[in-house]
Amino acid sequence: MERTSFEHMDCPIALGLEHVGEWWSILIVRDAMHGISRFDQFQKSLGISTSSLARRLNALVDAGILERRQYNQRPPRDEYVLTEAGRAFRPVLITLYQWGSQHFPPDAPNVWLVDSESGRNVEPLLVDRSTGRPLDEEHTRFEPGPSASRRLRELLTVRNA
């Protein structure tokens, strides 16, 4: 896959956004998590042009987020299913759901996030697996990594002081 302007970056956020950083791609992954797998289903759900949809599906396949599987030989037809990397995007979608619900709530939400057993609405919270503490500013901070620039090291040193 051809690298974009992010190739010089060693930032996990930038590298992740390289593959899903525009909203159509994120909505395609969302729809795949809702069970949509066929081109015409994605097109109907999103109202996106066929050329834009094809380009984005190909990019998600190239990135290893979706896998193309042929479900019909004549005429040849493919479906698009989440890979392990695609399924691992679920917490990101849940975090976007929570953030959007809190800061930009729709008048009438089209989905609720609910507990599978009780059916009650859930309120997502990111926590550290080993400590169970929230991943908020009180409990976490960013530290410079091995490839951090001098500018980033200085910025984080000031921020973390």
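Below is a short write-up of the structure. (Residues numbered from 1 in each chain as written. Predicted model: local features only at pLDDT ≥ 70, side-chain atom pairs only at ≥ 80, totals over all residues. Heavy atoms only, no water.)

### Some points on the packing of helix α2 (residues 23-33) against helix α6 (residues 90-103)
Running from N to C, α2 and α6 cross one another at 110 degrees; their axes reach a closest spacing of 11 Å. Considering the angle they form, α2 stands roughly perpendicular to α6. Residues Ile-26, Val-29, Arg-30 and Met-33 of α2 form the contact with α6, whose participating residues are Arg-90, Leu-93 and Leu-96. Looking at the contact of α2 with α6 residue by residue, the classes come out as 5 nonpolar, no polar and 2 charged. (Axes fitted to C-alpha atoms, helices over the stretch in contact; angles between N-to-C directions. Helix = DSSP H or I, 4+ residues; strand = E, 2+ residues; numbered from the N terminus. Parallel < 35°, antiparallel > 145°, perpendicular 65-115°, else oblique. Contact = heavy atoms within 4.5 Å. Nonpolar A, V, L, I, M, F, W, Y, C, P; charged D, E, K, R; others polar.)

### Observations regarding the pattern of salt bridges
Inspection of the entire model under this criterion finds 7 salt bridges. Linking Arg-68 and Asp-78 is a salt bridge whose minimum nitrogen-to-oxygen distance equals 3.7 Å. Highlighted residues: Arg-68 in strand β1 (residues 66-72) and Asp-78 in strand β2 (residues 77-82), separated in sequence by 10 residues. Judged by its relative accessible area of 27%, Asp-78 falls in the partly exposed class. (Salt bridge = Lys/Arg side-chain N within 4 Å of Asp/Glu carboxyl O. Buried < 20%, exposed > 50% of the residue type's maximum accessible area, 1.4 Å probe, protein only.)

### Considerations on a nonpolar patch on the surface
A cluster of nonpolar side chains, Val-92, Leu-96, Trp-99 and Phe-104, forms an exposed patch at the surface whose accessible area comes to about 410 Å². Tracing the backbone shows Val-92 in helix α6. For Val-92, a relative accessible area of 37% gives the class partly exposed. (Patch = residues over 30% accessible without salt bridge, like charges linked within 9 Å, V, L, I, M, F, W, Y side chains within 5 Å. Areas by Shrake-Rupley, 256 points an atom, 1.4 Å probe, with all protein chains shown as cover.)

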